[in-house]
Amino acid sequence: MSLLLPDSGLLFWMLLSFGIVFVVLAKYGFPIIVKMVDGRKTYIDQSLEVAREANAQLAKLKEQGEALVVAANKEQGRILKEAMQERDKIIHEARKKAEAAAQKELDEVKKQKMLEEVGEVEGVKWTLCQNSLIGPSVPDSMIPQEIREMLKSEHCELAFVCSEYGSATDKVNAQIARIDTIVKSYDENIMVIGEAPLMKDLQDVTDVDLKMVNTVSVAAIFLIIMLTFKSISIPVILVAVIEFAIAVNMAIPYYQGISLPFVASIVIGTIQLGATVDYAILMTSRYQKERQRGRTKKEAIDIAHRVSMVSIVSSGFSFFAATFGVAIYSNVDMIGSICTLLARGALISMCVVILLLPAMFMIFDKVICKTSVGFAIEDKKYCIERM
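Conventions adopted
- Residues numbered from 1 in each chain as written.
- Predicted model: local features only at pLDDT ≥ 70, side-chain atom pairs only at ≥ 80, totals over all residues.
- Heavy atoms only, no water.
- Patch = residues over 30% accessible without salt bridge, like charges linked within 9 Å, V, L, I, M, F, W, Y side chains within 5 Å.
- Areas by Shrake-Rupley, 256 points an atom, 1.4 Å probe, with all protein chains shown as cover.
- Salt bridge = Lys/Arg side-chain N within 4 Å of Asp/Glu carboxyl O.
- Helix = DSSP H or I, 4+ residues; strand = E, 2+ residues; numbered from the N terminus.
- Buried < 20%, exposed > 50% of the residue type's maximum accessible area, 1.4 Å probe, protein only.
- Axes fitted to C-alpha atoms, helices over the stretch in contact; angles between N-to-C directions.
- Parallel < 35°, antiparallel > 145°, perpendicular 65-115°, else oblique.
- Left-handed = near helix turned anticlockwise from the far one by under 90°.
- Contact = heavy atoms within 4.5 Å.
- Nonpolar A, V, L, I, M, F, W, Y, C, P; charged D, E, K, R; others polar.
- Phe/Tyr/Trp six-rings, centres within 6.5 Å; stacked < 30°, edge-to-face > 60°.

Caption draft 1: Focus on a nonpolar patch on the surface. On the surface, a cluster of nonpolar side chains totalling about 480 Å² of accessible area is made up of Tyr-43, Ile-44, Leu-48, Met-191 and Ile-193. Assignment of secondary structure puts Leu-48 in helix H1 (residues 8-74). When its relative accessible area of 44% is taken as the criterion, Leu-48 is described as partly exposed.

If you want it as structure tokens, here you go:
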């Protein structure tokens with residue numbers, strides 16, 4: 001079999017590790033995100049249904065008012081006889097309307113003050129509501145119905161807040177938390193909705209589950225490598241090397257000041273680990289074979305490095321080309337960010353495996369021989385005597 005091609009055992013364990021990671025993600029990661037999105041969709045649909053019912057009730061009340069006017073015209077004589085009663089009634093209604101107008105004026109002042117506080121939050125460009133467009137002193141009867149329907153219903157009123165921050169970032173999450181604190185201080189029933197709050201809710205709810213998926217994927221790959229090489233130290237070294245590459249990959253945008261989607265860390269943590277750990281497995285497999293053939297650690301590392309490097313470089317650049325092309329072409333920020341991380345991670349993992357893993361074998365060769373089955377074919381002291 002060509003030295004550039006992995007053997008059937010390696011292909012089997014690579015496919016098995018990929019299957020395990022995919023099953024874990026499909027069972028614990030994706031259903032949670034889909035469930036949250038479906039729940040938010042159901043909530044929005046219910047809100048729209050309530051708004052439609054409110055509009056239908058308004059139309060029904062209008063029809064009833066017109067019917068009352070017709071009945072009043074027919075009973076003009078009776079109304080004249082009851083003039084005194086009607087006078088008292090009108091006075092009473094006028095008093096109630098005056099009180100309602102005063103209360104409305106007070107509510108409008110509170111809403112305007114609330115929006116002014118929201119507008120002072122860092123990162124808020126502008127705020128907009130019905131009063132901002134028309135003013136609180138204009139009666140609702142003078143406002144065109146189409147404008148009222150866009151911004152206000154019987155029980156709800158819509159206000160817009162424009163942020164200069166992108167969705168799913170730490171800055172916008174802090175901004176949403178501050179805005180929510182402000183509006184809740186005026187009315188506990190006020191809700192902050194939109195794309196950024198939805199992404200924040202998803203991030204808060206799924207953060208623990210996503211970390212669990214990452215931990216399970218690392219544990220699964222660790223177990224597979226341990227069973228494949230029959231070693232305790234080798235999976236520690238290989239996983240540590242790839243996790244170091246992942247840490248370097250995630251550190252680059254941090255020091256560049258680039259904000260990443262909240263799902264980027266879990267995607268990179270699982271995909272880069274699962275897709276690039278085979279580089280380390282390929283070199284380790286050859287290193288193991290050379291040690292079994294009686295090579296010294298330097299000879300085994302040198303042969304494994306020379307033989308495996310071509311395959312590792314080819315696979316790394318192929319992975320880079322596939323993901324980097326998507327990152328350049330995609331106009332979706334989340335897809336572009338994740339593909340950029342994957343492309344860079346492929347190159348970093350490739351370099352770490354080629355440059356760092358041989359040094360790890362050189363340093364921990366004695367530990368590997370003592371904690372592995374099959375690295376010494378002659379004597380139990382073989383690994384120590386050959387150093």
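Caption draft 2: Structural view of the packing of helix H8 (residues 233-256) against helix H11 (residues 333-355). One can describe the packing of H8 onto H11 by two numbers: an axis separation of 9 Å at closest approach and a directional angle of 135°. Considering their axes alone, H8 and H11 lie oblique with respect to each other. Helix-helix and strand crossings are classified by hand; for H8 and H11 the assignment is right-handed. Contacts between H8 and H11 involve Val-241, Ile-242, Phe-244, Ala-245, Val-248, Asn-249, Met-250, Ile-252 and Pro-253 on the former and, on the latter, Leu-341, Arg-344, Gly-345, Ile-348, Ser-349, Val-352 and Val-353. Tallied by class, the residues present in the contact of H8 with H11 amount to 12 nonpolar, three polar and one charged.

Caption draft 3: Broad picture of the environment of Val-373. For Val-373, the position within the fold is in the loop between helix H12 (357-371) and helix H13 (382-385). We classify Val-373 as exposed; its relative accessible area is 56%. A C-alpha to C-alpha distance of 7.6 Å links Val-373 and Phe-229, two positions 144 residues apart in sequence. Dropping the residues within four chain positions of it, Val-373 is found in contact with Phe-229, Lys-230 and Gln-288.

Caption draft 4: A look at the packing of aromatic side chains. Within this structure, the stated rule accounts for three aromatic pairs. Taking the centre distance of 5.2 Å and the plane angle of 80° together, the rings of Tyr-254 and Tyr-255 count as edge-to-face. With centroids separated by 4.4 Å and ring planes inclined at 5°, the aromatic side chains of Tyr-287 and Phe-361 adopt a geometry described as stacked. With a gap of 74 residues between them, Tyr-287 in helix H9 (residues 264-292) and Phe-361 in helix H12 connect regions that are remote in the sequence. Phe-361 matches Tyr-287 in its accessibility class, with the two residues each being buried.

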